[in-house]
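For reference, the chains in residue letters:
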Amino acid sequence: MGLTLTEKIIKDHLVVGEMVKGTEIGIRIDQTLTQDSTGTMAYMQLEAMEVPRVKTKRSLAYIDHNMLQEGPENMDDHRYIQSVAKKHGVYFSKPGNGICHQVEIERFGVPGQTLLGSDSHTPTGGGIGMLAIGAGGLDVAVAMAGGEYYITMPEIVKVELTGRLRKGVSSKDIILEVLRQCTVKGGVNKVFEYTGDGVDTLTVPERATITNMGAELGATTSVFPSDAMTEAFLKAQNRAEDFVALAADADAVYDQVVKVDLNTLEPLTACPHSPDKVVKVSELEGLKINQVAIGSCTNSSWLDLMKVAAILKGKTIAEDVQLVIAPGSKQVLTMLAENGALADLLGAGARILECGCGPCIGMGQAPCTDGVSLRTFNRNFKGRSGTVSADVYLLSPETAAISAVEGVLTNPLGKVELPDIEMPKAFRINDNAVIPPAAEGEAVEVIKGPNIKPFPLANPLADQVEGKALIVVEDNITTDHIMPSNAKLLPYRSNIPYLSDYCLTPCDPDFPKRAKENGGGFIVGGQNYGQGSSREHAALAPVYLGIKGVIAKSFARIHKNNLINNGILPMTFENPEDYDKITLGDDLVIEDAKAQLEKGKILLKNTTKNETYTLDIDVSERQKKMLLAGGLINLMRSGK
């Protein structure tokens, strides 16, 4: 029996465990990436491990999130990351060089290697055949220190692409169709592996769009084969030596099959407020719009923006529409400037933003009150744009561009004349904004601004764990809900005491105050608790507030791992109907917590209602040790 591509890469990197579905394995990590929103904590954790120099093949620190510098906080963080990176052997990508995932694909990604990043969209690297996984900052710090990364051996989903896309239909529509079929919960502990004759028709940037937004499936990652298209891209990036051909065996066995016929695929859009609320654009055509935003790590490549420029050339944006465009990298922006496409974008009335994440993470360009914003981004959670009352639709660059001209949501199929835009034979190479690390042994001063505070640590698990139900929330609570990430709060990502006052406030403004007054307690959640961004702050702020456990119907993968890493018990209802029995303020008690953790079953007593609920705690033996110690850092410091 042959192997899938995923299994081949895992086999080559397997350090702990066996490739048995559903069991825990540890894999060796070749490359890591951080960004500035998560990077300060990751490097503080690396420093706490007292590792003088990273042990990966290459580690990179990108500045792409906290770009607005209204006060000293963001630049202070940038200076800290640059100095600590230089000291510990990490390459540093300066602000303006580009979004981490776009630059990683362009300049550093290597087919067949493993990549771990403290950003949930790290799976973008699967577009060139990497096993690229998003994780919390602490997991990335451990990988930089030479430790393995642990995952559940995933199920492999075969996504069979057949045919060829019509002009006006995009790779964005492919991943939206997969989301329509599988939902935001459909990818937990799964890898989506793309196969079929349709794969041969997709360029690396198109593949990267699909693997990037595969994060919205809740998947461990997504991966494409490394083939002639990959080789051509790497040659154009002057990195031919990095190419290696990789593909699944012809007789590989998959756990699930998803089929997408590219010949019949239509332009799609994800409606507010979830990436899986997908309908045909034709069903909503004519919807009045206020804003269009093009870019993000999903759709900001040279190819994406060349298509947009072709549609906008000689036209003018509708008078009631604002169009903003954020190129994904300095390379993209430079090439657009050199070939005249930038002039076409500006001529149509577009505003050109920095090469960064920008409005995708609520860092500026918030829509108007009750506005309709069309975005080529990957998430449209309520309020993420910076305007709670806005409706955000996710769609392709082609749909976004023609809609910006028409002033209403417009189906591009049959309405746009796109020239045949071929990938360049050679990209513009200029890596002068990537700062190499200091030579080993060279003295480097690490600079910490006053806003950088120590990260909180949980206490070792007590025999009796008790507290109130401090909040009860519904299904699909995102890390944006748990730890908001808007332009006002992002500058404080290094200051957990400050951030904790905003923890879960989109769900209940009184939650932080209630948690402090009661000395901590429990969070009760529904299905898919913690979906979305990998931000570790969604676990660190609850630690600071004294949260002892989260009880949910189910968890998103990265957030569950972040809770465990930081010593918070992640428990699920054995009987989901028990969720409805717990109300705000109920007194909850776990007796003999250590012994119950060892058994993997928890009896939770609700002393307010005189009821007992059975909870599952699905963790490995390694993770049990973390929870007993009060988190991974405590465990490492104990030497056990």
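Whatever comes next refers back to the structure up there.
To start, this report covers the structure provided alongside it. Keep in mind that this is a model prediction, so the values were computed, not measured.

Thresholds, definitions, all that
- Residues numbered from 1 in each chain as written.
- Predicted model: local features only at pLDDT ≥ 70, side-chain atom pairs only at ≥ 80, totals over all residues.
- Heavy atoms only, no water.
- Helix = DSSP H or I, 4+ residues; strand = E, 2+ residues; numbered from the N terminus.
- Polar contact = N/O pair within 3.5 Å; in protein donor to acceptor, adjacent residues only side chain to side chain.
- Contact = heavy atoms within 4.5 Å.
- Buried < 20%, exposed > 50% of the residue type's maximum accessible area, 1.4 Å probe, protein only.
- Pairing = 2+ DSSP bridges.
- Axes fitted to C-alpha atoms, helices over the stretch in contact; angles between N-to-C directions.
- 1 Å grid on protein atoms, 1.4 Å probe; cavity = no way out; pocket = protein on both sides within 12 Å on 5 of 7 lines; lining within 4 Å.
- Points joined across faces, edges and corners; volume = space filled by probe spheres on them.

1. A short note on the side chain of Ser533
Then comes step 1: Mapped onto the secondary structure, Ser533 falls in the loop between strand 22 (521-524) and helix 17 (537-544).
Then comes step 2: Here Arg535 takes part through its backbone nitrogen, which lies 3.1 Å from a polar atom of the side chain of Ser533.
Then comes step 3: Setting aside chain neighbours within four positions, we find Ser533 in contact with Ser120, Arg379 and Thr479.

2. Observations regarding helix 5 (residues 137-144)
Then comes step 1: Across the eight residues that make up helix 5, a large majority, eight, are buried.
Then comes step 2: Listing the buried residues of helix 5 in full gives Gly137, Leu138, Asp139, Val140, Ala141, Val142, Ala143 and Met144.
Then comes step 3: Looking one or two residues past helix 5, Gly146 carries a phi angle of roughly 105 degrees, positive in sign.

3. With respect to unusual backbone geometry
Backbone geometry follows two general trends: most residues other than glycine have a negative phi, and most peptide bonds adopt the trans configuration.
Then comes step 1: Here the residue pair Pro272 and His273 is connected by a cis peptide bond, since its omega of 0 degrees sits within 30 degrees of zero.
Then comes step 2: Notably, Thr183 is not glycine yet its phi reads approximately 70 degrees, a positive angle.
Then comes step 3: Relative to the helices and strands, Thr183 resides in the loop between helix 6 (171-182) and strand 10 (190-195).
Then comes step 4: A positive phi is found at Asn476, a non-glycine position, where the angle reads about 60 degrees.

4. A look at the sheet that holds strand 1 (residues 14-16)
Then comes step 1: One open sheet holds the three strands; their spatial order is 1-2-8, and the pairing between them is antiparallel. Edge positions in the open sheet fall to strand 1 and strand 8 (149-152), since each of these has one partner strand only. For this sheet, the mean angle separating the axes of adjacent strands, direction not counted, is 45 degrees.
Then comes step 2: Relative to strand 8, strand 2 (residues 24-27) runs antiparallel, the two sharing four bridges. Across the sheet, the residue bridging to Gly26 is Tyr150, located in strand 8.

5. Structural notes on the layout of surface pockets
The method is simple in principle: a probe with the dimensions of a water molecule rolls over the atoms, and the space it marks as empty is what remains.
Then comes step 1: Roughly 900 Å³ of volume is contained in the largest pocket.
Then comes step 2: Around the largest pocket, the lining comprises 40 residues; the ones closest to its centre are Thr152, Lys560, Asn561, Asp618 and Gln623.
Then comes step 3: Secondary structure elements with two or more residues in the lining of the largest pocket: helix 5, strand 8, helix 18 (557-565), strand 24 (569-573), helix 20 (621-629) and helix 21 (632-638).
Then comes step 4: At five residues, helix 18 tops the list of elements feeding residues into the lining of the largest pocket.
Then comes step 5: Of the volumes computed, that of the second largest pocket is approximately 750 Å³.
Then comes step 6: Residue lining of the second largest pocket: 28 residues in total, with Arg164, Thr201, Thr203, Glu206 and Ile421 positioned closest to the centre.
Then comes step 7: Take the lining of the second largest pocket: its biggest share by element is four residues, from helix 8 (residues 228-236).

6. Here we look at the side chain of Gln102
Then comes step 1: For Gln102, the position within the fold is in helix 4 (residues 100-108).
Then comes step 2: At 2.8 Å, the side chain of Gln102 and the side chain of Glu106 are in polar contact.

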